[in-house]
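A closer look at the structure
Chain residues, written in single-letter form:
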Amino acid sequence: MTEYSSLIYETIGPVARIWLNRPAQRNAQDTALLTELDQAMNLAQADEGVRVIILAAKGAHFSAGHDLKSAENDGQGYSVEERYAFEKKYYFDTAMRFWDSPKPTIAAVQGACVAAGFMLANMCDLVVVADDAFFSDPVVNLFGAVAVEVLVHPQVLGMRKAKDLLFTGRRMGAQEALDCGMASRLVPVAELESATLELANQIAKAPPFALKLVKRSLHRTLDLQGFRAGLDAHFDSHQLGHVSNEFAEKTRAGLTGVLAKKPGA
Ligand code: ZN
């Protein structure tokens, strides 16, 4: 087991499990955590014994999103170019490493799975949700931001529900996540860890080369429909949102100030 400052990396037979490990911060993602995620993915990809990767989270919540305290500090005074480079490296590319992982990935989600938490969990191939999990991307309403950096929403929710959640900023519960196809399995929270591991072990029995190629084919099917071009285009629109007057007005008191007024977000 390798322990990082913000993650735990462990292998259990053919399964690598990466735990987000900032429970006191509801696993808010700061640059240290995102850097470690990248390193953990390097380890998992390089280890020939690893067939499947689980992304889980310690504590009551999967992830409340980007660490706005850290984003605020990092982002203040950024030029357009600097913010673009920062968000591309830490937010977009780190998330896409899970999407592009040649090895199957499974997210195990409990509690809050919000904004960049939603983004990261949905970069995984399968998503197992606990009955207490809830999902939202409230940043349009809260910040005047143009959703999160990777617009995976229509792909995993369907277009109608993606609009519903993004326009209103509302929460979606675990049952709704299962019903719309975003969640692969719904289990009691006490069984989240064992159910996810069981699923991972089942997948680990499949021939790895065939698995890798079938994932490639599935993703190529999406890419031929324009999926990746859509993500790239959205990233640019998202950056435009960061320099809008609406974003400036909503975040004048500071991003964490906005959140403090909306503790449920
Ligand atoms: Zn952003």
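Scroll up to find the structure.
Please read these numbers as outputs of a predicted model, since none were measured by experiment.

Once that is clear, we can look at helix 1 (residues 31-46). Residues spaced three or four apart along an α-helix point in a common direction, a consequence of the helix completing one turn every 3.6 residues. Compared with the 22 Å implied by 1.5 Å per residue over 16 residues, the 23 Å span of helix 1 between its first and last C-alpha is a close match. Listing the buried residues of helix 1 in full gives Leu33, Leu34, Glu36, Leu37, Ala40, Met41 and Ala44. Considered in projection along helix 1, the buried side chains sweep an arc of 160° and stay on one side of the axis. Contacts from the buried residues of helix 1 go to strand 2 (7-12), strand 3 (15-20), strand 4 (52-57), helix 3 (80-99) and helix 4 (116-121).

Residues Val80, Leu240 and Val243 make up a contiguous nonpolar surface patch of about 290 Å² in total accessible area. Secondary-structure assignment places leucine 240 in helix 11 (residues 227-242). In this structure leucine 240 comes out as exposed when scored by relative accessible area, which is 61%.

What follows is about the environment of phenylalanine 247. Relative to the elements of secondary structure, phenylalanine 247 occurs in helix 12 (residues 245-250). Here the alpha-carbon distance between phenylalanine 247 and leucine 142, two residues 105 residues apart in the chain, equals 9.1 Å.

Our focus in this paragraph is the pattern of salt bridges. Counting across every chain of the model gives 13 salt bridges. Lysine 88 serves as the salt-bridge partner of aspartate 93, at 2.8 Å between the closest nitrogen and oxygen. In this structure, the salt-bridge partner of aspartate 125 is lysine 215, at a minimum N-O distance of 2.9 Å. Taken together, the residues aspartate 125 in the loop between helix 4 and strand 7 (126-130) and lysine 215 in helix 10 (residues 208-224) connect sequence positions 90 residues apart. A relative accessible area of 28% places aspartate 125 in the partly exposed class. Under the relative-accessibility criterion, lysine 215 is labelled buried at 9%. In this structure, a network of salt bridges that share partners links the residues Lys161, Asp164, Arg170 and Glu176.

Reading the values: rules and limits
Residues numbered from 1 in each chain as written. Predicted model: local features only at pLDDT ≥ 70, side-chain atom pairs only at ≥ 80, totals over all residues. Heavy atoms only, no water. Helix = DSSP H or I, 4+ residues; strand = E, 2+ residues; numbered from the N terminus. Expected span 1.5 Å × (residues − 1). Buried < 20%, exposed > 50% of the residue type's maximum accessible area, 1.4 Å probe, protein only. Arc of directions from axis to C-beta. Contact = heavy atoms within 4.5 Å. Patch = residues over 30% accessible without salt bridge, like charges linked within 9 Å, V, L, I, M, F, W, Y side chains within 5 Å. Areas by Shrake-Rupley, 256 points an atom, 1.4 Å probe, with all protein chains shown as cover. Salt bridge = Lys/Arg side-chain N within 4 Å of Asp/Glu carboxyl O.

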